[in-house]
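One letter stands for each residue in the lines below.
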Amino acid sequence: MPPKTGFDLVNYYKQIPFEVIFTTSYEKYAIDAFKVSAVDYLLKPFGVEQLKIALEKFELRHATKTSLAHIETLLHNINSNTSANARIALPTLTGYTFEDVKNIIRCEADNVYATFYMADKRQITISKTLKECEELLQQFNFIRVHQSHLINILYVKEYIKGEGGTVKMTDGSNIDVSRRKKDDFLRMLNKI
(Lines give C-alpha, C1' and ligand atoms only; values in the text may rest on other atoms or scores of the structure.)
Protein backbone atom coordinates (compact mmCIF):
# COMPACT_ATOMS: atom_id res chain seq x y z
CA MET A 1 0.00 0.00 0.00
CA PRO A 2 2.93 2.39 0.06
CA PRO A 3 3.09 5.29 0.38
CA LYS A 4 -0.25 5.11 2.25
CA THR A 5 -1.04 2.83 5.19
CA GLY A 6 -4.15 1.08 6.44
CA PHE A 7 -4.48 3.82 9.04
CA ASP A 8 -4.57 6.45 6.28
CA LEU A 9 -7.54 4.59 4.78
CA VAL A 10 -9.32 4.23 8.12
CA ASN A 11 -8.68 7.88 9.06
CA TYR A 12 -10.26 8.98 5.78
CA TYR A 13 -13.69 8.04 7.18
CA LYS A 14 -15.48 9.78 10.05
CA GLN A 15 -17.40 6.57 10.64
CA ILE A 16 -15.92 3.37 9.20
CA PRO A 17 -18.56 1.63 7.02
CA PHE A 18 -16.69 -1.70 6.98
CA GLU A 19 -14.78 -4.04 9.25
CA VAL A 20 -10.96 -4.09 9.37
CA ILE A 21 -8.45 -6.85 10.01
CA PHE A 22 -4.95 -5.41 10.03
CA THR A 23 -2.08 -7.53 8.71
CA THR A 24 1.37 -6.08 9.28
CA SER A 25 4.95 -6.81 10.23
CA TYR A 26 4.94 -4.10 12.89
CA GLU A 27 3.81 -4.88 16.40
CA LYS A 28 3.90 -1.23 17.48
CA TYR A 29 0.61 -0.32 15.71
CA ALA A 30 -1.59 -2.87 17.51
CA ILE A 31 -2.96 -0.41 20.06
CA ASP A 32 -3.81 2.08 17.31
CA ALA A 33 -5.60 -0.70 15.40
CA PHE A 34 -7.85 -1.53 18.32
CA LYS A 35 -8.55 2.19 18.90
CA VAL A 36 -10.24 2.20 15.50
CA SER A 37 -12.18 -0.96 16.46
CA ALA A 38 -10.30 -3.36 14.22
CA VAL A 39 -11.63 -6.91 14.29
CA ASP A 40 -8.11 -8.29 14.68
CA TYR A 41 -4.43 -7.50 14.23
CA LEU A 42 -2.35 -10.20 12.56
CA LEU A 43 1.44 -10.05 12.66
CA LYS A 44 3.25 -11.32 9.59
CA PRO A 45 4.02 -14.06 8.99
CA PHE A 46 0.70 -15.50 10.17
CA GLY A 47 -0.81 -18.90 9.57
CA VAL A 48 -4.11 -20.12 8.19
CA GLU A 49 -5.40 -20.83 11.72
CA GLN A 50 -4.82 -17.23 12.80
CA LEU A 51 -6.66 -15.99 9.71
CA LYS A 52 -9.56 -18.39 10.38
CA ILE A 53 -9.84 -17.08 13.95
CA ALA A 54 -9.86 -13.48 12.71
CA LEU A 55 -12.60 -14.30 10.19
CA GLU A 56 -14.65 -16.04 12.89
CA LYS A 57 -14.37 -12.87 14.99
CA PHE A 58 -15.62 -10.89 11.99
CA GLU A 59 -18.61 -13.24 11.52
CA LEU A 60 -19.49 -13.02 15.21
CA ARG A 61 -19.30 -9.22 15.14
CA HIS A 62 -21.46 -9.12 11.99
CA ALA A 63 -24.06 -11.45 13.56
CA THR A 64 -24.13 -9.34 16.71
CA LYS A 65 -24.72 -6.14 14.72
CA THR A 66 -27.54 -7.85 12.80
CA SER A 67 -29.12 -9.02 16.06
CA LEU A 68 -28.88 -5.52 17.51
CA ALA A 69 -30.57 -4.11 14.41
CA HIS A 70 -33.41 -6.64 14.87
CA ILE A 71 -33.77 -5.61 18.51
CA GLU A 72 -33.84 -1.92 17.56
CA THR A 73 -36.59 -2.62 15.03
CA LEU A 74 -38.57 -4.62 17.59
CA LEU A 75 -38.24 -1.84 20.18
CA HIS A 76 -39.27 0.73 17.59
CA ASN A 77 -42.40 -1.31 16.84
CA ILE A 78 -43.23 -1.75 20.53
CA ASN A 79 -42.72 1.92 21.33
CA SER A 80 -44.54 3.30 18.29
CA ASN A 81 -47.93 1.96 19.49
CA THR A 82 -49.24 2.09 15.94
CA SER A 83 -48.91 -0.21 12.99
CA ALA A 84 -48.56 2.86 10.75
CA ASN A 85 -44.99 3.29 12.03
CA ALA A 86 -44.05 -0.40 12.23
CA ARG A 87 -40.90 -1.68 10.53
CA ILE A 88 -39.75 -5.20 9.79
CA ALA A 89 -36.39 -6.73 8.94
CA LEU A 90 -36.36 -8.76 5.73
CA PRO A 91 -33.42 -11.15 5.34
CA THR A 92 -31.89 -10.81 1.86
CA LEU A 93 -28.89 -12.48 0.23
CA THR A 94 -26.61 -9.63 1.29
CA GLY A 95 -27.94 -9.02 4.81
CA TYR A 96 -31.16 -7.37 5.94
CA THR A 97 -33.31 -4.60 4.57
CA PHE A 98 -35.50 -2.71 7.01
CA GLU A 99 -38.85 -1.73 5.57
CA ASP A 100 -41.90 0.20 6.72
CA VAL A 101 -44.81 -2.24 6.89
CA LYS A 102 -47.16 0.37 5.43
CA ASN A 103 -45.18 0.24 2.15
CA ILE A 104 -45.75 -3.49 1.56
CA ILE A 105 -48.58 -4.11 -0.91
CA ARG A 106 -48.47 -7.88 -1.05
CA CYS A 107 -46.34 -10.96 -0.67
CA GLU A 108 -46.24 -13.89 -3.07
CA ALA A 109 -44.90 -17.37 -2.32
CA ASP A 110 -42.60 -19.40 -4.51
CA ASN A 111 -41.79 -22.59 -2.60
CA VAL A 112 -39.49 -21.60 0.32
CA TYR A 113 -39.09 -18.06 -0.98
CA ALA A 114 -41.40 -15.09 -0.72
CA THR A 115 -41.37 -11.94 -2.81
CA PHE A 116 -42.52 -8.68 -1.25
CA TYR A 117 -44.07 -6.15 -3.64
CA MET A 118 -43.52 -2.63 -2.38
CA ALA A 119 -45.46 0.59 -3.00
CA ASP A 120 -42.38 2.09 -4.69
CA LYS A 121 -42.40 -0.79 -7.25
CA ARG A 122 -39.42 -2.61 -5.69
CA GLN A 123 -39.51 -6.37 -5.25
CA ILE A 124 -37.66 -7.98 -2.36
CA THR A 125 -37.22 -11.75 -2.38
CA ILE A 126 -36.44 -13.45 0.91
CA SER A 127 -35.79 -17.01 1.99
CA LYS A 128 -38.89 -17.50 4.13
CA THR A 129 -42.12 -19.36 3.56
CA LEU A 130 -45.40 -17.50 3.16
CA LYS A 131 -46.52 -18.99 6.48
CA GLU A 132 -43.59 -17.29 8.22
CA CYS A 133 -44.42 -14.01 6.46
CA GLU A 134 -48.05 -14.36 7.47
CA GLU A 135 -47.09 -14.78 11.13
CA LEU A 136 -44.88 -11.71 10.88
CA LEU A 137 -47.52 -9.50 9.23
CA GLN A 138 -50.95 -10.67 10.43
CA GLN A 139 -51.15 -7.93 13.08
CA PHE A 140 -50.68 -5.26 10.38
CA ASN A 141 -53.83 -5.60 8.20
CA PHE A 142 -52.43 -8.45 6.09
CA ILE A 143 -54.51 -11.47 5.20
CA ARG A 144 -53.72 -14.63 3.34
CA VAL A 145 -56.24 -14.87 0.50
CA HIS A 146 -54.72 -17.81 -1.32
CA GLN A 147 -52.16 -20.56 -0.79
CA SER A 148 -49.54 -18.36 -2.46
CA HIS A 149 -50.72 -14.79 -1.69
CA LEU A 150 -50.70 -12.54 1.33
CA ILE A 151 -52.09 -9.05 0.81
CA ASN A 152 -52.19 -5.75 2.66
CA ILE A 153 -55.90 -5.01 2.95
CA LEU A 154 -55.16 -1.27 2.76
CA TYR A 155 -54.02 -1.65 -0.88
CA VAL A 156 -57.18 -3.42 -2.10
CA LYS A 157 -58.71 -1.43 -4.95
CA GLU A 158 -61.61 -3.71 -5.84
CA TYR A 159 -63.09 -7.11 -5.05
CA ILE A 160 -64.85 -9.01 -7.82
CA LYS A 161 -67.25 -11.74 -6.67
CA GLY A 162 -66.88 -15.27 -7.92
CA GLU A 163 -66.34 -18.76 -6.56
CA GLY A 164 -63.61 -17.34 -4.39
CA GLY A 165 -63.39 -14.03 -6.13
CA THR A 166 -60.56 -11.83 -7.34
CA VAL A 167 -58.90 -8.92 -5.60
CA LYS A 168 -57.55 -6.03 -7.67
CA MET A 169 -54.69 -4.33 -5.91
CA THR A 170 -53.57 -0.72 -6.31
CA ASP A 171 -50.35 -1.91 -8.02
CA GLY A 172 -52.45 -3.37 -10.86
CA SER A 173 -52.13 -7.00 -9.80
CA ASN A 174 -55.11 -9.36 -9.74
CA ILE A 175 -55.05 -11.94 -6.95
CA ASP A 176 -57.40 -14.91 -6.84
CA VAL A 177 -59.11 -15.52 -3.51
CA SER A 178 -59.46 -19.19 -2.62
CA ARG A 179 -62.88 -20.51 -1.62
CA ARG A 180 -61.46 -21.49 1.76
CA LYS A 181 -60.19 -17.96 2.48
CA LYS A 182 -63.13 -16.01 1.04
CA ASP A 183 -65.17 -15.67 4.28
CA ASP A 184 -62.16 -14.53 6.33
CA PHE A 185 -61.26 -12.02 3.63
CA LEU A 186 -64.80 -10.59 3.44
CA ARG A 187 -64.97 -10.29 7.25
CA MET A 188 -61.73 -8.34 7.23
CA LEU A 189 -63.00 -6.10 4.40
CA ASN A 190 -66.05 -5.23 6.51
CA LYS A 191 -63.79 -3.99 9.30
CA ILE A 192 -62.33 -1.16 7.22
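Right above here is the structure, for reference.
The structure reproduced in this document is the subject of the present report. What you see is a predicted model; the values in this text were computed from it and never measured. Along each chain, the written sequence defines residue order, and numbers are assigned to residues from 1. Under the rules for a predicted model, residues below a pLDDT of 70 receive no local features and side-chain atom pairs below 80 are neither given nor counted, while totals for whole chains, interfaces and linings still include all residues. As a convention, hydrogens and water are excluded, and side-chain values are obtained from all of the structure's heavy atoms.

## Structural notes on the packing of aromatic side chains
And step 1. Ring pairs shown here join Phe, Tyr and Trp side chains whose ring centres sit within 6.5 Å, with only the six-membered ring taken for Trp; geometry is labelled stacked below 30 degrees between planes, edge-to-face above 60, and tilted in between. Inspection of the entire model under this criterion finds 1 aromatic pair.
And step 2. Ring centres 5.4 Å apart and planes at 55° place the aromatic pair Y159 and F185 in the tilted group. Separated by 26 residues along the polypeptide, Y159 in strand β10 (residues 156-160) and F185 in helix α5 (residues 179-191) bring together distant segments of the chain. Residues Y159 and F185 agree in their burial class; the two are buried.
And step 3. Between the NZ or CZ atom of R106 and the centre of the ring of Y117, over which it lies, the distance is 3.8 Å. Secondary structure elements are defined from DSSP: runs of H or I of at least 4 residues count as helices, runs of E of at least 2 residues count as strands, and each element is numbered from the N terminus. Burial here depends on accessible area, computed with a 1.4 Å probe over protein chains only, as a share of the maximum for the residue type. Under 20% is buried, over 50% is exposed, and the range in between is partly exposed. For a ring to carry a charge above it, either NZ of a lysine or CZ of an arginine must fall within 6 Å of the ring centroid while also lying within 35 degrees of the normal to the ring plane.

## Remarks on the sheet that holds strand β12 (residues 174-176)
And step 1. Taken together, the 3 strands give an open sheet; going across it, the order is β10-β11-β12, and neighbouring strands pair in antiparallel fashion. The two strands at the open ends of the sheet, each matched to only one other strand, are β10 and β12. Each strand of the sheet is rotated relative to its neighbour by a mean of 25°, with strand direction disregarded.
And step 2. Of the pairings in the sheet, the one linking β10 to strand β11 (residues 166-169) comprises 4 bridges and is antiparallel in character. Residue pairing across strands places E158 opposite K168, the latter belonging to β11.
And step 3. The contact rule is simple, with two residues in contact once any of their heavy atoms fall within 4.5 Å. The convention used is that axes are lines fitted to C-alpha atoms, helices contributing only their stretch in contact, and that angles between N-to-C directions extend from 0 to 180 degrees. Taken strand by strand, α5 contacts β10 and β11, and its axis lies near 130° from that of β10. Criterion used throughout: strands pair if DSSP finds at least two bridges between them.

## A word on the nonpolar core
The tendency in soluble globular proteins is for nonpolar side chains to be buried side by side.
And step 1. Within the largest apolar cluster, 17 residues are counted, with the highest numbers of intra-cluster contacts made by F116, C133 and L137.
And step 2. Only β3 (87-92), β5 (104-110), β6 (113-118), β7 (123-126) and α4 (130-137) provide two or more residues apiece to this core.
And step 3. In contact with F116, other than residues within four places in its own chain, are I88, L90, I104, R106, C107, R122, Q123, I124, I126, C133 and L137.
And step 4. By size, the runner-up hydrophobic cluster in this structure holds 14 residues, among which are I151, I153, V156 and V177. Only buried residues count toward a nonpolar core, which is a set of Ala, Val, Leu, Ile, Met, Phe, Trp, Tyr and Cys residues joined through side-chain atoms within 4.5 Å.

## Concerning the pairing of strand β8 (residues 142-146)
For a regular strand, side chains alternate in direction, first toward one face of the sheet and then toward the other.
And step 1. Buried residues dominate β8, accounting for 4 of its 5 residues.
And step 2. Across 4 bridges, the pairing between β8 and strand β9 (residues 149-152) is antiparallel. Across the sheet, I143 pairs through a bridge with I151, a residue of β9.
And step 3. In textbook terms, the turn of a hairpin is the stretch between consecutive antiparallel strands, and for β8 and β9 this stretch comprises 2 residues.

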